[in-house]
Amino acid sequence: MKVKEPLITQYGDREVCIVDNGYMWLQHFPLEKNHSVTTIFDANGEIVQWYIDMPGKWGRGRCPVDG
């Protein structure tokens, strides 16, 4: 799949490309936890950004990976 155009976001005075050809997003959804971790890698395998989402309770059986 090819990216039509890179997605660049602004963080304060910094511009960060988070989507482009060869980029990868890795998401972790720990079992029975109320958070997830997302890591974005560029085409060279370098970490561009990582963040933790803490949405609160997803509810029983509502983890995003299993619907």
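This text goes with the structure placed above it.
The shown structure was predicted, so the numbers you read here are calculated from the model rather than taken from an experiment. (Residues numbered from 1 in each chain as written. Predicted model: local features only at pLDDT ≥ 70, side-chain atom pairs only at ≥ 80, totals over all residues. Heavy atoms only, no water.)

Visitor: Explain the environment of F29 here, please?
Guide: Within the secondary structure layout, F29 lies in the loop between strand 3 (24-28) and strand 4 (36-41). According to the relative accessible area criterion, F29 is partly exposed, its value standing at 21%. (Helix = DSSP H or I, 4+ residues; strand = E, 2+ residues; numbered from the N terminus. Buried < 20%, exposed > 50% of the residue type's maximum accessible area, 1.4 Å probe, protein only.)

Visitor: I keep staring at the side chain of T38 and nothing clicks. Help me out?
Guide: Along the chain, T38 turns up in strand 4. A polar contact is formed between the side chain of T38 and the side chain of Q27, at a distance of 3.3 Å. (Polar contact = N/O pair within 3.5 Å; in protein donor to acceptor, adjacent residues only side chain to side chain.)

Visitor: Whenever I open this one, the sheet that holds strand 5 (residues 47-53) confuses me. Can you help?
Guide: Note on sheets: strands pair through backbone hydrogen bonds, and any given pair is parallel or antiparallel. Pairing is antiparallel across the open sheet formed by 3 strands, whose spatial order is 3-4-5. This sheet does not close on itself; its edge strands, each paired only once, are strand 3 and strand 5. Strand-to-strand twist in this sheet, taken as the mean axis angle between neighbours without regard to direction, amounts to 15°. In the sheet, strand 4 pairs with strand 5 via 6 bridges, with the strands oriented antiparallel. Residue pairing for strand 5: F41 is matched across the bridge by I47. (Pairing = 2+ DSSP bridges. Axes fitted to C-alpha atoms, helices over the stretch in contact; angles between N-to-C directions.)

Visitor: For this particular structure, what's the right way to read the environment of D20?
Guide: Within the secondary structure layout, D20 lies in the loop between strand 2 (14-19) and strand 3. Judged by its relative accessible area of 24%, D20 is partly exposed. The sequence separation of D20 and E5 amounts to 15 residues, and the corresponding C-alpha distance is 7.0 Å. When neighbours within four sequence positions are excluded, D20 is seen to be in contact with V3 and P6. (Contact = heavy atoms within 4.5 Å.)

Everything listed here is a matter of coordinates, which is why it stays silent on function.
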